[in-house]
Amino acid sequence: MLKKISEILNPIASDPGIKMVVLYRIDGVPVYTKLNVPKREIAPTLYWLEGQIKEMLYQIFNQNLDEASFKFGNLRIPLYPVSKTLVLGVMADEETSSYKLDIDLQTVRKQLRELIV
């Protein structure tokens, strides 16, 4: 199953403006992670995100949100629910096209839902 998840997420992960793609369980544990930059380059953001992720996932599901986004320096971090137990997160440069990224994320969410169900 992880191989199929990797195949689905690869088009987003291969975009040069994407620093990281991660699929989280509702409890905040990463199921799949792909970093496109050295960890030290985004380490402060990763540590901040790890500290926030459980609360944000709780809010996404309990408030029935379609998305939650953060801006951290020059990075944009959208989180999208995929199922009742999974959330897709992306760390992108602010120069990355929001429109293209949103379309790509919607497509990937649909593919992941079909795989999981």
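Cut-off values and rules
Throughout, residues of each chain are indexed from 1 in the direction in which the sequence is written. Local features are withheld for residues below a pLDDT of 70 in this predicted model, meaning they are given only at 70 or higher, and side-chain atom pairs are given and counted only at 80 or more; totals for whole chains, interfaces and linings count all residues. For the side-chain quantities, the full set of heavy atoms in the structure was used; hydrogens and water were omitted. We count a stretch as a helix when DSSP gives it H or I for four or more residues in a row; a strand needs E for two or more, and each element gets its number in order from the N terminus. The reference for a compact globule is 2.2 Å times residues^0.38; the radius of gyration itself is calculated from the C-alpha atoms. When accessible area is computed with a 1.4 Å probe and restricted to protein chains, residues below 20% of their type maximum are described as buried, those above 50% as exposed, and intermediate ones as partly exposed. Any two residues whose heavy atoms approach within 4.5 Å are treated as being in contact. For the area figures, the Shrake-Rupley method with a 1.4 Å probe applies, and any residue is considered shielded solely by the protein chains shown. All tallies of charge rest on Lys and Arg as positive and Asp and Glu as negative; His and the ends of each chain are not included. Note that the charge is assigned to NZ on lysines, CZ on arginines, CG on aspartates and CD on glutamates. Strands qualify as paired when DSSP identifies two bridges or more between them. Only the stretch in contact is used when a helix axis is fitted, and all axes are lines through C-alpha atoms; the angle between N-to-C directions ranges over 0 to 180 degrees. When a carboxyl oxygen of Asp or Glu lies within 4 Å of a side-chain nitrogen of Lys or Arg, that pair is called a salt bridge.

A. Focus on the overall build of the protein chain. Broken down by element type, the protein chain carries 3 helices and 5 strands. The secondary structure elements of the protein chain, listed N-terminal to C-terminal, are α-β-β-α-β-β-β-α. Taken over C-alpha atoms, the radius of gyration comes to 13 Å for the protein chain, in line with the 13 Å a tight globule of 117 residues would show. Expressed as a percentage of its 117 residues, the buried residues of the protein chain come to 43%. The contacts of the protein chain with a sequence gap of at least 6 include a subset with a gap of at least 24, amounting to 51%. Approximately 6600 Å² of the protein chain is accessible, and the part contributed by carbon and sulfur atoms is 53%. Taken together, the 15 basic and 14 acidic charged side chains of the protein chain have centroids lying 5 Å from each other.

B. Quick look at the sheet that holds strand β2 (residues 30–35). A sheet is described by the order of its strands in space; here 5 strands give the open sequence β2-β1-β5-β4-β3, paired in antiparallel fashion. Each having just a single partner strand, β2 and β3 (68–72) make up the two edges of the open sheet. Taking the axes of each pair of neighbouring strands and ignoring which way they run, one obtains an average angle of 15 degrees across the sheet. The sheet contact formed by β3 and strand β4 (residues 75–81) spans 5 bridges and is antiparallel. Bridge pairing in β4 places Phe70 opposite Ile77. Relative to β4, helix α3 (residues 98–116) is tilted by about 30 degrees, and along the sheet it contacts β1 (18–25), β4 and β5 (86–93).

C. View of the pattern of salt bridges. All chains considered together, the criterion is met by 7 salt bridges. Across the pair Glu41 and Lys19 runs a salt bridge whose closest N-O atoms are separated by 3.1 Å. You can see Glu41 sitting in helix α2 (residues 39–62) and its partner Lys19 sitting in strand β1, a full 22 residues away along the chain. Accessibility expressed as a relative area gives 45% for Glu41, which makes it partly exposed. For the salt bridge of Arg76 with Asp102, the shortest nitrogen-to-oxygen distance reads 3.1 Å. Of this pair, Arg76 sits in strand β4 while Asp102 sits in helix α3, and the two are 26 residues apart along the sequence. By relative accessible area, which is 18% here, Arg76 ends up buried.

D. Examining the pairing of β5 more closely. Summarising burial for β5: 8 of the 8 residues are buried, a large majority. Alternating residues of β5 divide into Leu86, Leu88, Val90 and Ala92 and Val87, Gly89, Met91 and Asp93, and every residue in both groups is buried. Pairing geometry for β1 and β5, over 7 bridges, is antiparallel. Its bridge partner lying in β5, Leu23 is registered against Leu88. As paired elements, β4 and β5 share 5 bridges and run antiparallel to each other.

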